[in-house]
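# Coordinate analysis (summary)
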Amino acid sequence: MRRMSNFEKKFGRYAIPNISLVLILCYVAGYIINLINGSFLTYLTLNPYEILFHGQIWRLVTWIIVPPSSLDPFTIIMLLFYYNIGTSLERTWGTYRYNVYLFMGMLFTVIGSFLCMGYYYLVTGGMDSVVASLLFTQGSFMFSTYYINMSIFLAFAATFPNVQVLLMFVIPIKVKWMGIVYIVMMVWEFIASGNLFSRMAIGASLLNFIVFYARTKNRIHMTPKQIKRRAAFKQEVKRNVKATGHRCAICGRTEADDPTLEFRFCSKCNGNYEYCQYHLFTHEHVK
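To start, this report covers the structure provided alongside it. (Residues numbered from 1 in each chain as written. Predicted model: local features only at pLDDT ≥ 70, side-chain atom pairs only at ≥ 80, totals over all residues. Heavy atoms only, no water.)

This part takes up the overall build of the chain. In terms of regular secondary structure, the chain is built from 11 helices and four strands. Of all 287 residues assigned to the chain, the portion counted as buried reaches 40%. By element, 66% of the accessible surface of the chain is carried by carbon and sulfur atoms, the whole surface being about 16500 Å². (Helix = DSSP H or I, 4+ residues; strand = E, 2+ residues; numbered from the N terminus. Buried < 20%, exposed > 50% of the residue type's maximum accessible area, 1.4 Å probe, protein only. Areas by Shrake-Rupley, 256 points an atom, 1.4 Å probe, with all protein chains shown as cover.)

Let us now look at the side chain of S140. Within the fold, S140 resides in helix α7 (residues 129-140). A polar side-chain atom of S140 sits 2.7 Å from the main-chain carbonyl oxygen of T137. Sequence-distant contacts of S140, that is, excluding residues within four places in its chain, are made with T45, L46 and N47. (Polar contact = N/O pair within 3.5 Å; in protein donor to acceptor, adjacent residues only side chain to side chain. Contact = heavy atoms within 4.5 Å.)

With that settled, consider the environment of Q56. Structurally, Q56 can be placed in the loop between α3 (48-54) and α4 (59-62). Classification of Q56 as buried rests on a relative accessible area of 13%. What Q56 contacts, discounting residues up to four positions off in sequence, is E50 and I51.

A word on the packing of helix α5 (residues 73-93) against helix α6 (residues 95-124). Running from N to C, α5 and α6 cross one another at 130 degrees; their axes reach a closest spacing of 6 Å. Taken together, the axes of α5 and α6 are oblique relative to one another. Where α5 abuts α6, its residues G86, L89, E90 and W93 lie against T95, R97, Y98 and Y101. Considering only residue class, the contact of α5 with α6 consists of four nonpolar, two polar and two charged. (Axes fitted to C-alpha atoms, helices over the stretch in contact; angles between N-to-C directions. Parallel < 35°, antiparallel > 145°, perpendicular 65-115°, else oblique. Nonpolar A, V, L, I, M, F, W, Y, C, P; charged D, E, K, R; others polar.)

A surface patch of nonpolar side chains, amounting to about 620 Å² of accessible area, comprises L21, L25, V28, I32, L35 and I36. Assignment of secondary structure puts I32 in helix α2 (residues 19-37). A residue is classified by how much of its surface remains accessible, and I32, at 46% relative accessible area, is partly exposed. (Patch = residues over 30% accessible without salt bridge, like charges linked within 9 Å, V, L, I, M, F, W, Y side chains within 5 Å. Salt bridge = Lys/Arg side-chain N within 4 Å of Asp/Glu carboxyl O.)

The probe, sized like a water molecule, is rolled over the atoms to show the empty space still left. Scanning the model with the defined rule gives one cavity of 30 Å³ or more in all. Of the voids in this model, the largest cavity is the one considered here, and its volume is about 60 Å³. Together, S20, L23, I24, Y27, L79, Y82, Y83, Y98, N149 and I152 line the largest cavity. Every element with two or more residues in the lining of the largest cavity is listed here: α2, α5 and α8 (146-159). At four residues, α2 tops the list of elements feeding residues into the lining of the largest cavity. Partitioned by chemical class, the residues of the lining of the largest cavity number eight nonpolar, two polar and no charged. (1 Å grid on protein atoms, 1.4 Å probe; cavity = no way out; pocket = protein on both sides within 12 Å on 5 of 7 lines; lining within 4 Å. Points joined across faces, edges and corners; volume = space filled by probe spheres on them.)

A few words on the state of the cysteines. Under the criterion given, the structure shown has zero disulfides. Unpaired in terms of disulfides, C248 finds its nearest cysteine sulfur in C251, a separation of 3.6 Å. (Disulfide = S-S within 2.5 Å.)

Right, let's talk about the packing of aromatic side chains for a bit. Taken as a whole and judged by the stated rule, the model has 20 aromatic pairs. Measuring from centroid to centroid gives 5.9 Å for F81 and F153, while their planes differ by 45 degrees, and the two rings are tilted. Of the two residues, F81 is situated in helix α5 and F153 in helix α8; the sequence distance between them amounts to 72 residues. For F81, a relative accessible area of 22% puts it in the partly exposed group. For F153, a relative accessible area of 0% translates into the label buried. Aromatic pair Y146 and Y147: ring centres 4.9 Å apart, planes at 75 degrees, arrangement edge-to-face. Note on Y146: relative accessible area 38%, which makes it partly exposed. Linked through ring pairs, Y49, F53, Y119, Y120, Y121, F136, F143 and F197 together constitute an aromatic cluster. Positioned above the aromatic ring of F190 is the side chain of R199, whose terminal nitrogen or guanidinium carbon lies 5.8 Å from the ring centre. (Phe/Tyr/Trp six-rings, centres within 6.5 Å; stacked < 30°, edge-to-face > 60°. Lys NZ or Arg CZ within 6 Å of the ring centre and 35° of its normal.)

A positive phi angle is found at N18, which is not glycine, with a value near 55 degrees. Mapped onto the fold, N18 is located in the loop between α1 (2-11) and α2.

Moving on: α6. Taking 1.5 Å of rise per residue, 30 residues should cover 44 Å, and α6 covers 44 Å from first to last C-alpha, within 8% of that figure. The first or second residue beyond α6 is G125, which carries a positive phi of 70 degrees. (Expected span 1.5 Å × (residues − 1).)

Written out as C-alpha cells, the structure is:
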C-alpha cells in the first residue's frame, strides 16, 4: 500500500468529495435530456467508432450521464440506496481511495469499449462505415454506470459483510449474502449474454472489484462496532492533537516531535490504531 500512499500524497487533493452525489446529479441530467430529446443521448454514449473516426472525444466523459434505466419509483429508491452505500464507503476508505475505485471502474469500461471495436474489426477483417456506425451506436448504450454501481455494492458487501439491510423493506439479510447473489447474477449474465458489448461492460465492473479485493482482502471486513471505534478514535485524535495529524498509540509522538517519523495504521489491530515506524512491527495487537 506504500505506492498508493505516495500517489495519495501527490494527487489526493484533487479527489472529488461526495462523488456519489455527483453521479446522482449526472443521472438527473441524463433523465432530463431523455425527457426533452431522448435521441440526443446518442451523441453522448461511449461509442469508440465515433471517437476514433469522427473525433468525438467528449464521449469519453459524457457517457457517465447516460441513465442506466428508465425513471420510475424503483429506480429512485435504488439510486438513493447506492448513494448511501457510496457515501459509507467514502467515509470508511477516504475520498481519495473511493475516487480511485470509481475512476478505475470507468477506465476499465472505456478500455472494454475499444476492445469490442478491435474484436469486431479483427474478426470481420474490416467493416463498412454504415454497418460499423449502426453496430457501435446500438452497442454503446450497453456502456453505462449501471454495472459500476453494482461493483460499488460488491465493494460495500466486502467491506461491511455483516451489516443487515431490509430486502424488499421487510426481510433482514446480511449484505454479504446479497453480494454473493449479485456476483452469481453478473457471472450468469456474462455467460448467457450473446452481446459482446454487454459482456465487456460486466467484465469491466467485475475486474474492478477483483482488483480491489485482491489488494485489500486483508484490510476490509469492518463491523459497525469497528466503524464506531474508528470514528471515536479520530475524534480523540482531533481533541488531543491540535496541529498534527498523526500520533503513535504507543509512544504518543507526532510528526511535530520529529518530522522524519512515518506513521501507519495496523490492519491486524481491532480498531483504528496508528503507530510510528518504531512501534509498527513491535507493538502488541489490540484484539
